[in-house]
Amino acid sequence: MRDFSWTYFTLTGDLDAFLLYKQMDDMKASEGADGPGDAFDALDEWEDADG
């Protein structure tokens, strides 16, 4: 989801997509490697395997 929001932002310039990306990035940094931020990256891997 984090990668999607960045890609969407770079393609469209949508500020909300950038803010979502930044919020997820901040959550990941503040929670550490074992926090919920990793769940976003795991979701990305799951979506890639599904597609």
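Scroll up to find the structure.
Summary of the structure given here. Computed from a predicted structure; not experimentally measured.

## Re the overall build of the protein
Of regular secondary structure, the protein possesses 3 helices and 0 strands. Along its sequence from the N terminus, the protein presents helices and strands in the succession α-α-α. Considering the protein as a whole, with its 51 residues, one finds that 18% of them fall into the buried category. About 3700 Å² of surface is accessible on the protein, with carbon and sulfur atoms providing 56% of the total.

## What about the side chain of Ser-5?
Looking at the secondary structure, you find Ser-5 in helix H1 (residues 2-12). Take Ser-5: its relative accessible area is 2%, and that puts it in the buried class. At 2.8 Å, the side chain of Ser-5 and the backbone oxygen of Arg-2 are in polar contact. If we skip the residues at most four places from it in the chain, Ser-5 touches Ala-17, Leu-20, Tyr-21 and Met-24.

## With respect to the environment of Thr-10
Within the secondary structure, Thr-10 is located in helix H1. With relative accessibility at 46%, the residue Thr-10 sits in the partly exposed group. Side-chain polar atoms of Thr-10 contact the backbone oxygen of Thr-7, separated by 2.8 Å.

## Here's the deal with the packing of aromatic side chains
Counted according to the given criterion, the structure contains 5 aromatic pairs. Between the aromatic rings of Trp-6 and Phe-18, the centroid separation amounts to 6.4 Å while the plane-to-plane angle is 55°, which identifies the pairing as tilted. Residue Trp-6 is located in helix H1, and its partner Phe-18 is located in helix H2 (residues 15-31); the two are separated by 12 residues in the primary sequence. Given a relative accessible area of 36%, Trp-6 falls into the partly exposed group.

Cut-off values and rules
Residues numbered from 1 in each chain as written. Predicted model: local features only at pLDDT ≥ 70, side-chain atom pairs only at ≥ 80, totals over all residues. Heavy atoms only, no water. Helix = DSSP H or I, 4+ residues; strand = E, 2+ residues; numbered from the N terminus. Buried < 20%, exposed > 50% of the residue type's maximum accessible area, 1.4 Å probe, protein only. Areas by Shrake-Rupley, 256 points an atom, 1.4 Å probe, with all protein chains shown as cover. Polar contact = N/O pair within 3.5 Å; in protein donor to acceptor, adjacent residues only side chain to side chain. Contact = heavy atoms within 4.5 Å. Phe/Tyr/Trp six-rings, centres within 6.5 Å; stacked < 30°, edge-to-face > 60°.

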